[in-house]
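Analysis of the macromolecular model
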Amino acid sequence: MALIAAKRFSVEEYHRLTELGFFQSDERLELIHGEIIQMAAKGVAHEVCLTRLLRELPKCLAETVTLRCQSPITLSPDSEPEPDFAIVRNRDDDYFEGHPQPADILWLIEVSDSSLAYDQSVKLAMYAAHGITHYWIFNLLDSVLECYSDPYQNQQGTWAYRMKRIYLPTETVMIPQLDTQSLLALGKVFPPNQ
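Residues numbered from 1 in each chain as written. Predicted model: local features only at pLDDT ≥ 70, side-chain atom pairs only at ≥ 80, totals over all residues. Heavy atoms only, no water.

By secondary structure assignment, the location of Ala 185 is in strand β10 (residues 183–185). Using a relative accessible area of 29% as the deciding quantity, one classes Ala 185 as partly exposed. Distance in space between the C-alpha atoms of Ala 185 and Val 173 is 6.7 Å, their sequence separation being twelve residues. In this structure, Ala 185 is in contact with Glu 171 and Thr 172, ignoring residues within four places of it in sequence. (Helix = DSSP H or I, 4+ residues; strand = E, 2+ residues; numbered from the N terminus. Buried < 20%, exposed > 50% of the residue type's maximum accessible area, 1.4 Å probe, protein only. Contact = heavy atoms within 4.5 Å.)

What follows is the structure, given as structure tokens:
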């Protein structure tokens, strides 16, 4: 019996399929390791957390960085995820010439409820492997902020982060990668009753 292999896509092929109208405009998709992944539907708590982050993050960020929300980043020829937030270096063209790549990315944020296990495993390993220094997960199931930093590869070849800090909704957290010391009050971000 012959083995059947799944077709893996490159970023270029993925873009071409999009241009040809292969996907519906309201589909939430990401290209991860050559696979086209349908993203989970966002719940009310997820939307509230996104809205609050959109309100609070610009207050904390200097004009020396760019805040992108649910926009693609290109990590490799076969991976183009769309994190909830990407804090990237400013560029004169505002990334008109191409999506941010690892050298542009200062910090990534995912807001997670139904996607928590995926964000803590597949995305965490992928972000670490591409040298993303800071990765935050707003874990809505456990009502904590998980802050990961210092990517490394273990002896088995698996990528992860050396440091993981947990913050509660009643705490404040230092914004990474900025020259100025700026704090984000998590009580203004987590949805009520979280």
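Time to look at the pairing of strand β2 (residues 35–38). Relative to β2, strand β1 (residues 29–32) runs antiparallel, the two sharing four bridges. Following the sheet pairing, Leu 29 is matched in β2 by Gln 38. (Pairing = 2+ DSSP bridges.)

Attention now moves to the side chain of Glu 30. Checked against the element boundaries, Glu 30 lands in strand β1. On the basis of relative accessible area, Glu 30 is assigned to the buried category, the value being 2%. Among the polar contacts listed, one links the side chain of Glu 30 to the backbone nitrogen of Glu 82, at a separation of 2.6 Å. For Glu 30, the side chain forms a polar contact with the side chain of Lys 123, separated by 2.8 Å. Beyond its immediate chain neighbours, meaning those up to four positions away, Glu 30 contacts Tyr 14, Glu 35, Ile 36, Ile 37, Met 39, Glu 80, Pro 81, Glu 82, Pro 83 and Lys 123. (Polar contact = N/O pair within 3.5 Å; in protein donor to acceptor, adjacent residues only side chain to side chain.)

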